[in-house]
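# Inside the fold
Listed below are the residues making up each chain.
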Amino acid sequence: MRFSLLIPAAAAAAALLVLAGCQKQSENAAPAAEVAEAEPAACRRPADSAAAMAAMAQYEAEAIAAAEASRGAGQPAMWTLKDEDTTLYILGTVHLLRPDLDWRTAEIDQAIRSADTVVFEADTTSEQAGRDLMKFFTSQGMFTDGTQLTSLLTPEETDQLKLALTELSLPIEAIQPMRPWYAALNLSIMQMTEEGFDPAAGVEMKIEADAKANGAAFEYLETVDQQLGEFAALDNCAQVDFLLMSAEALKQGTDVLDLLVSEWADGDAVGLGALMSSPEAFGSEAAYAALLTNRNARWTPLIAGMLDEPGTRLIAVGAGHLVGQDSVIAMLQAEGYEVTGP
């Protein structure tokens, strides 16, 4: 089965523009268990696969055309929400970047310097965060009953996955103990790091270093369990679909990821929204809800509530959360808040 170029990038885009917690991965995969004797839990595919593929191709073409036709201000987008004694800067970020990309601007530097508090999606860098991540990956990312990943796939899907793994020189045994969502993110992050994307060059890492030097406090919009729990709660079929898209992306390179970063660096909220703000961009309604809309809805009242405390906050979250009709920005505006920006 051949996927389009844009759709398979969704899992990688999640790590790049949406999901901060997966910057860190467990360094040592658990040893593969004995192969479980189970019939493949094949998921139901569209009856008319040709029509489904045509629809995907049309979505891709329209999304890329809309992104390329749109233009931003030439710098990463930042919004402002304020009242008499509180200023909230809301900056879209990229969690992994190529180290040579210069994204800093005078406006962003001023927002970092003036912030009493910096707000990130989740704590992913402290020692406690490391323990929480490892605990979650072990309990929710790995099979604990001897199940093998390929027991959830058809023979054809297993062959497709094996072929894609050759791009990373990775045997399928390395991911057999992983649940599909965790395998998908591991493959996406491995691909990005091999192509030069670096968590240490990500926007949050740079902001955190400067904010610590300035004596700023830190707050978070969600816990590791809340963030990654959205992924782990997807049913097996949605997880398998996400894994297969990630596998296909290994063969297609990082062209779409580079386009996403280019749109972000240009501050093109409209173009970025065209690429990311629909269920089609993530392969299913379930994945779109888990990665974006559920979390956006949870964050919006938390951000609005920050207006009750005087001072200046810089809220830095994945850019995918701030663009399109289901974004945090759109939700705040729907609640009557005046958010200024691009």
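Source: prediction; values computed, not measured.

Take the overall build of the protein next. Secondary structure assignment for the protein yields 14 helices and 5 strands. Within the protein, the proportion of its 342 residues that are buried is 54%. The contacts in the protein between residues at least 6 apart in sequence include a share of 85% that link residues at least 24 apart. Carbon and sulfur atoms form 51% of the exposed surface of the protein, whose accessible area is close to 14,500 Å².

Applying the stated criterion across every chain, the model contains 8 aromatic pairs. When the centroid spacing of 6.3 Å and the interplanar angle of 55° are considered together, the rings of tryptophan 103 and tryptophan 264 count as tilted. Residue tryptophan 103 is found in the loop between β2 (86–93) and α3 (106–114), and its partner tryptophan 264 is found in helix α10 (residues 255–265); the two are separated by 161 residues along the sequence. The pair tryptophan 103 / tryptophan 264 is uniform in exposure class, with both members buried. Ring-pair connections join several aromatic residues into one group, and the members of that group are Phe136, Phe137, Trp181, Tyr182, Phe231 and Phe242.

Now for the sheet that holds strand β4 (residues 217–220). Pairing in this open sheet of 5 strands is mixed, and the strands run β1-β2-β5-β3-β4 from one edge to the other. Each having just a single partner strand, β1 (78–82) and β4 make up the two edges of the open sheet. Within this sheet the neighbouring strands show an average axis-to-axis angle of 20°, counted without direction. The pairing of strand β3 (residues 117–120) with β4 spans 4 bridges and is classified as parallel. Looking at β4, one finds that phenylalanine 120 is bridged to tyrosine 220.

Let's shift gears to the pairing of β2. For β2, a buried count of 8 out of 8 residues is recorded, marking the element as mostly surrounded by other parts of the structure. Side chains Thr86, Leu88, Ile90 and Gly92 of β2 all project onto a buried face; the interleaved residues Thr87, Tyr89, Leu91 and Thr93 project onto the opposite face, where all are buried too. Alignment of β1 against β2, held across 5 bridges, turns out to be antiparallel. By the bridge assignment for β2, threonine 80 is matched with tyrosine 89. Hairpin connection between β1 and β2: a loop of 3 residues separates the two successive antiparallel strands. Here 8 bridges tie β2 to strand β5 (residues 311–318), and the two strands are oriented parallel to one another. Looking across to β5, one finds that tyrosine 89 is bridged to leucine 314.

Before going further, it helps to examine the nonpolar core. Ranked by size, the top nonpolar core spans 100 residues in total, and within it Leu161, Ile175, Ile207 and Leu314 carry the most contacts. Beyond its immediate stretch of four places on either side in the chain, leucine 161 contacts Leu149, Leu153, Ile172, Ile175, Leu187, Leu243 and Ala247.

Let us look at the packing of helix α4 (residues 127–140) against helix α8 (residues 224–232). In the contact formed by α4 and α8, the axes pass within 10 Å of each other and the chain directions differ by 25°. Comparing the axis directions of α4 and α8 gives the class roughly parallel. Helix-helix and strand crossings are classified by hand; for α4 and α8 the assignment is right-handed. Listed contacts from α8 to Asp132, Leu133, Phe136, Phe137 and Gln140 of α4 are Val224, Asp225, Leu228, Gly229 and Ala232. For the contact of α4 with α8, the residue count by class is 6 nonpolar, 2 polar and 2 charged.

It is at 8 Å that the axes of α10 and helix α11 (residues 269–276) come closest, and there the two elements cross at 150°. One way to sum up the angle between α10 and α11 is to call them roughly antiparallel. For the element pair α10 and α11, the recorded crossing hand is left-handed. Facing α10, whose interface residues are Leu259, Leu260, Glu263 and Trp264, α11 presents Gly271, Leu272, Leu275 and Met276. Here the residues of the contact of α10 with α11 sort into 6 nonpolar, 1 polar and 1 charged.

Moving on, we come to the pattern of salt bridges. Counted according to the given criterion, the structure contains 10 salt bridges. Close ionic contact of glutamate 222 with arginine 298 constitutes a salt bridge, the shortest N to O distance being 2.7 Å. Here glutamate 222, found in the loop between β4 and α8, pairs with arginine 298, found in helix α13 (residues 285–305); they are 76 residues apart in sequence, far enough to count as distant. Owing to a relative accessible area of 25%, arginine 298 belongs among the partly exposed residues under this scheme. Ionic contacts of the salt-bridge type, sharing partners, join the residues Glu121, Glu222, Glu230, Arg295 and Arg298 into one network.

Counted at 1.5 Å a residue, the expected span for α4 with its 14 residues is 20 Å, and the 20 Å between its end C-alpha atoms agrees. Within α4, burial applies to Ala129, Leu133, Phe136 and Phe137. The arc that holds the buried residues of α4, viewed along the axis, is 95°, so those residues lie on one side. Within α4, the exposed residues directed more than 90 degrees away from the buried face are Glu127 and Lys135.

Looking now at the confidence of the model for the protein. Per-chain confidence: the protein averages 84 in pLDDT, with 83% of residues scoring 70 or above. In the predicted structure, residues 1–9 sits below a pLDDT of 50 and forms 36 contacts with residues beyond four places in sequence or in another chain. This stretch, residues 24–41, has a pLDDT under 50; its non-local contacts, to residues over four places away or in other chains, come to 36 contacts.

Conventions we followed
- Residues numbered from 1 in each chain as written.
- Predicted model: local features only at pLDDT ≥ 70, side-chain atom pairs only at ≥ 80, totals over all residues.
- Heavy atoms only, no water.
- Helix = DSSP H or I, 4+ residues; strand = E, 2+ residues; numbered from the N terminus.
- Buried < 20%, exposed > 50% of the residue type's maximum accessible area, 1.4 Å probe, protein only.
- Contact = heavy atoms within 4.5 Å.
- Areas by Shrake-Rupley, 256 points an atom, 1.4 Å probe, with all protein chains shown as cover.
- Phe/Tyr/Trp six-rings, centres within 6.5 Å; stacked < 30°, edge-to-face > 60°.
- Pairing = 2+ DSSP bridges.
- Axes fitted to C-alpha atoms, helices over the stretch in contact; angles between N-to-C directions.
- Core = buried A, V, L, I, M, F, W, Y, C linked by side-chain atoms within 4.5 Å.
- Parallel < 35°, antiparallel > 145°, perpendicular 65-115°, else oblique.
- Left-handed = near helix turned anticlockwise from the far one by under 90°.
- Nonpolar A, V, L, I, M, F, W, Y, C, P; charged D, E, K, R; others polar.
- Salt bridge = Lys/Arg side-chain N within 4 Å of Asp/Glu carboxyl O.
- Expected span 1.5 Å × (residues − 1).
- Arc of directions from axis to C-beta.
- pLDDT = per-residue confidence, 0-100.

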